[in-house]
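# Observations on the three-dimensional arrangement
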Amino acid sequence: MIVAIDLGTTNSLIGVWRNGAPRLIPNATGDLLTPSAVSMLDSGEIVVGRAARDRLVSHPRRSAAAFKRVMGSNRSLTLGDRDFRPEELSALVLRALKADAEAWLGEPVREAVITVPAYFADAQRKATQAAAELAGLRCERLLNEPTAAALAYGLQENGESRILVVDLGGGTFDVSVLEMFDGVMEVRATAGDNFLGGEDFNQALLAAFMREVGTPAGLPPPADEPPFHGLLRRQIEQLKQRLSQEDTATLSLPWRTGTLCWTVSRAQFNTLCEPLYQRIRQPIERALRDARIHPGELAAVVLAGGATRMPALRRMISLLFRHLPTQHLDPDQVVAMGATVQAGLMMRDAALNERVLTDVAPFTLGVEVADRQSDGHTVHNLFVPVIERNTVIPASRATTLSTLEDGQTTIGLRVFQGESRRARDNILLGELTVHVPRAARGQQSVEVRFTYDTSGLLEVDATALGTGAQYHLLIEGNPGRLSPAEIRQRLAALAHLKISPRDQAENVAALARAERLFEELLGEQRSAVGDWIGEFLAALERGDPRQIGISRALLLQRLDRVEPTSPFD
Amino acid sequence: MNDPAGFPWNALGIAPTRDPRLIRAAYAARLKRMDIRADPAAFQHLRRAYEMALGFGAPAPAAAPVLVERNELAAEISALIAAGDPQGAVELLAGAAAGALGFDDLAAIEERLLVVAPELPRARLLALVRRFDWHHATHPLRHAHAGVFQQLDQRLWLEEWRAELQRTSRTSVAALLLIKGAPGWADHLFACWYLIFGGERARMIGWLDRIERTPHAGAAFDPARLRWCRRWLGRRRLAAWIALGLSAVVPVAMIWTGEIGVAFAAWLLALANIGIAWAGAMLVVRALGRLWLGARFVLGKLRRRPGDAPGFPR
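First things first, this report covers the structure right here in the doc. Predicted model only: the values in this text are computed from it and were never measured.

## Observations concerning the pattern of salt bridges
Residues and elements named next belong to chain A. Enumeration over the complete set of coordinates arrives at 32 salt bridges over all chains. For Lys126, the salt bridge is made with Asp122, and the minimal N-O distance between the two is 3.0 Å. Taken together, the residues Lys126 and Asp122, both in helix H3 (residues 122-134) and four residues apart, mark about one turn of the helix. The residue Arg279 makes a salt bridge to Asp193 at a minimum N-O spacing of 3.2 Å.

## As for H3 of chain A
Residue and element names in this part refer to chain A. With 13 residues, H3 extends 18 Å between its outermost C-alpha atoms, agreeing within 8% with the 18 Å of an ideal straight helix rising 1.5 Å per residue. The buried count for H3 comes to ten of 13 residues, which makes it a mostly enclosed element. When H3 is considered as a whole, its buried residues turn out to be Asp122, Ala123, Gln124, Arg125, Ala127, Thr128, Ala130, Ala131, Ala132 and Leu134. Positive backbone phi, approximately 80°, marks Gly136, located one or two places after H3.

## With respect to the nonpolar core
Most often, soluble globular proteins keep nonpolar side chains buried together rather than apart. Core analysis: the biggest nonpolar cluster contains 54 residues, and Ile163 of chain A together with Leu12, Tyr27 and Leu31 of chain B have the highest contact counts within it. Broken down by element, the residue count for this core peaks at nine residues, all from helix H10 (residues 334-346) of chain A. Ignoring sequence-local partners within four residues, the contact set of Ile163 of chain A consists of Ala150, Ser176, Val177, Leu178, Met180, Leu298, Ala300 and Val302 of chain A. One finds Ala191, Phe209, Ala291 and Val301 of chain A within the second-largest nonpolar core, a separate group that totals 50 residues.

## Regarding a nonpolar patch on the surface
Residues and elements named next belong to chain B. Nonpolar side chains collect at one region of the surface, where Val284, Leu288 and Leu291 lie side by side and expose about 290 Å² of accessible area between them. Looking at where Val284 falls in the secondary structure, it is placed in helix H17 (residues 274-303). Given a relative accessible area of 37%, Val284 falls into the partly exposed group.

## What to know about the packing of H3 of chain A against helix H11 (residues 484-495) of chain A
All names here are of chain A. At a closest axis distance of 10 Å, the pairing of H3 and H11 adopts a crossing angle of 45°. The orientation of H3 relative to H11 falls into the category oblique. The handedness of the crossing between H3 and H11 is right-handed. Of the residues in H11, those touching H3 at Ala130, Glu133 and Leu134 are Ile487, Arg490, Leu491 and Leu494.

## Quick look at the pairing of strand S23 (residues 410-417) of chain A
Of the strand pairs in this sheet, strand S19 (residues 365-372) of chain A and S23 of chain A are connected by three bridges, and their pairing is antiparallel. Among the inter-strand pairings, Gly366 of chain A is bridged to a residue of S23 of chain A, identified as Phe416 of chain A.

## Focus on the sheet that holds strand S27 (residues 470-473) of chain A
Residue and element names in this part refer to chain A. On the basis of which strands lie adjacent, the open sheet formed by four strands has the order S22-S25-S26-S27 and antiparallel pairing. At either margin of the open sheet sits one strand with a lone partner, and together these are strand S22 (395-402) and S27. Adjacent strand axes in the sheet meet at a mean angle of 20°, parallel and antiparallel pairs treated alike. Sheet analysis places strand S25 (residues 445-452) next to strand S26 (residues 458-464), joined by seven bridges and oriented antiparallel. In the strand pairing of S26, Thr451 is matched with Glu459.

## Things to note about the side chain of Thr403 of chain A
Residue and element names in this part refer to chain A. For Thr403, the location among the structural elements is in the loop between S22 and S23. Classification of Thr403 by relative accessible area gives buried; the value is 7%. If sequence neighbours within four positions are ignored, Thr403 has contacts with Gln408, Ile411, Val436, Ala440, Arg441, Gly442, Gln443 and Gln444.

## Thoughts on the pairing of strand S1 (residues 2-7) of chain A
All names here are of chain A. The buried count for S1 comes to six of six residues, which makes it a mostly enclosed element. Along S1, one buried face is formed by Ile2, Ala4 and Asp6 and the opposite face, lined by Val3, Ile5 and Leu7, is buried too. Of the strand pairs in this sheet, S1 and strand S10 (residues 111-116) are connected by five bridges, and their pairing is parallel. Across the sheet, Ile2 pairs through a bridge with Glu111, a residue of S10. As paired elements, S1 and strand S2 (residues 11-18) share four bridges and run antiparallel to each other. Paired with Ala4 across the strands is Gly15, a residue of S2. Counted along the chain from S1 to the antiparallel partner S2, the turn is three residues long.

## Points about unusual backbone geometry
All names here are of chain A. A cis amide bond links Ile393 to the next residue, Pro394, at an omega of 5°. On the secondary structure map, Pro394 appears in the loop between strand S21 (392-393) and S22. Not every positive phi belongs to a glycine, and Ala66 is a case in point at roughly 55°. Assignment of secondary structure puts Ala66 in the loop between strand S7 (63-65) and strand S8 (77-79). The class for Ala66 is partly exposed, based on a relative accessible area of 22%. The phi dihedral of Asp182 falls on the positive side, at around 45°, and the residue is not glycine. When you line up the elements, Asp182 lands in the loop between strand S13 (173-181) and strand S14 (184-193). For Asp182, a relative accessible area of 35% puts it in the partly exposed group.

Cut-off values and rules
Residues numbered from 1 in each chain as written. Chains lettered and ligands numbered in written order. Predicted model: local features only at pLDDT ≥ 70, side-chain atom pairs only at ≥ 80, totals over all residues. Heavy atoms only, no water. Salt bridge = Lys/Arg side-chain N within 4 Å of Asp/Glu carboxyl O. Helix = DSSP H or I, 4+ residues; strand = E, 2+ residues; numbered from the N terminus. Expected span 1.5 Å × (residues − 1). Buried < 20%, exposed > 50% of the residue type's maximum accessible area, 1.4 Å probe, protein only. Core = buried A, V, L, I, M, F, W, Y, C linked by side-chain atoms within 4.5 Å. Contact = heavy atoms within 4.5 Å. Patch = residues over 30% accessible without salt bridge, like charges linked within 9 Å, V, L, I, M, F, W, Y side chains within 5 Å. Areas by Shrake-Rupley, 256 points an atom, 1.4 Å probe, with all protein chains shown as cover. Axes fitted to C-alpha atoms, helices over the stretch in contact; angles between N-to-C directions. Parallel < 35°, antiparallel > 145°, perpendicular 65-115°, else oblique. Left-handed = near helix turned anticlockwise from the far one by under 90°. Pairing = 2+ DSSP bridges.

Next up, the structure:
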């Protein structure tokens, strides 16, 4: 059984292809969406999901979220007294999802299709694979998120059509143009921005709040006091969501003796986010240009990702394309549903017999060269593309490089990813030194072959044509990348970690939510919540499962009553 | 299947056609029967065939559907150019480009650009071209409008070269030769003299190479003149030997005849041929240098004692 996992910045989902239809699997607390948050309890146990998200407010120093944004880098996050790499935190989320799937399916799960932003670079993809490995899953394929979203929509299409998918998630932004004919779903072009998502809109709001209200009132800057700002961030998120529904919204934050109030209108919000909207427009233009498709030829513009709920974004898209975007599937679930289709394809499910999917390389990949001009000057640091972006994958392309100097004995190959003509403006993926026999310049050459597989992972092979010697580039040892040995070591370390038992998940989540509310509320409500927590803890102490169930239901019912209203939660 | 003559049609399993529907259907049918992951090479073969077949089958670029707005834009730009205001036309174009969402709109603007390009100051044109990011990012667009891009690109390059040629003071004479030719016999003589003895020979050859590698150079440079320049540049070494010989013969003749007139003539000749004298002197200096190095080498070998550092300074 191959499961499909949407490992998102804010929320993750797991699903399977079953009986000819996508099926999403609920987690231990009964939700389809599992927040991508990890927290360490005071006892040293690890909790994942909603409980961890609530603990971001109450225990910010022991909790982490949005670690997808630092995937593939060397940054580590500290939970309590232990440092975690982003791969490990993702692995903990994957592990929780896997446990949910195993409980629901009643069989062990080994293989998975995991979605990544199309614009994820090689290091980030490899980090995601490492995370899967750490979670005990074999990652059968990394699927691009907009492609997955398109799969979910494309399944209903049968004739020839072209669609554009805009996927604005919590932390990443992707655009894909797809063409469908005769059961073939072909990605024509992909573009995006790895550092643009719903989080950035929150940041813009937060910065404006601090500028207009916070700093004058003496609020500490965000880095100084994490517990307080955990609360503020949550308020900001709710403010943003309310602005999607209403024309004005007010944020009220308890501070010292009084309450800080900040009213924002939708127009103000749009002005704040204007630079972000501009950044959304550029990738859309580029994807359409690369695909050589005119906006008028598009049958539909599909929105995916929770951040596409923002009305201003939808208005911008409809203005751009002069028709309304499609969004009849839940934007939070569409990527996971599409991923289950891919899982079904890989299991060769009968219902998907007549479907094929082809994807493209999101970046240009190439090598650095120096070139001697005819006037004798040598220009260094030029980037020569080998696999151009939006080439259909799997792809394999080769190029031949020659020596530049007389008597040169080595050719240094530096592999880059990016679009700039100057190599140093692109991202370095790896280096390789090829030895060649001493000869006059231009006499010795090396054939460099790039092979790009369906998961978007690159292999580089070089052959010295003079000697026939073969070289293979191992893109490892870069900062932010785990070697197989390190993965084994980390796996052993993770095995020692105590994971909060799955049957306790509902209790832990209820308790975390109550603790969060205790911090958010004031006055009588706060003390009431404190009492309820005491009662629930007492029930847990006694250990009678039936009693605990009743007590938990009662607690949740009471919490619902005092929860500040938000149209979404 | 691997018969290169029948590619791409044999890989797709159809007769040659221009109908994209047939090509797509054949591609889709074959794609469904293969396992892309298990056999990437087969997929790449099929894909290459498919792309090639579609390229063959691409319809001749039809006249773009006319949009009202675009016509208005074109008319406005034409009016501005007619009124002698190319700057205004460019402003208008830049504004339209900023508002356009690529594709046909951009293509129309490119066509307009071609109309205004000759009227524009070079710097302005370059800035505008950069706005479109033609240098790297828009390969597919360039494919789609290859003709337009090539013309503009070539012209821009040539413009830049001409400007650069004329800016470089030491090659300005050469630039004049390349661009305008040498009309009168006196100019012609001067040109030959400059090409043989003038400085910056390597740079001149570089320019010639660059210009000859550019297909459109014929429009800006006369090919016959390029050949002529290259011929005279190639005669430099020979001329240097002749000059060396001359500069040796003239003083001898002067001493021999004892005539002041001959001496004066020789002095004048030497003055006129500082280039000759310089080139000749360099040859002598180089020859002497080689001799000296050789001598050092031999002496160093003979004199070397154990413990000395081997070799000699190069």
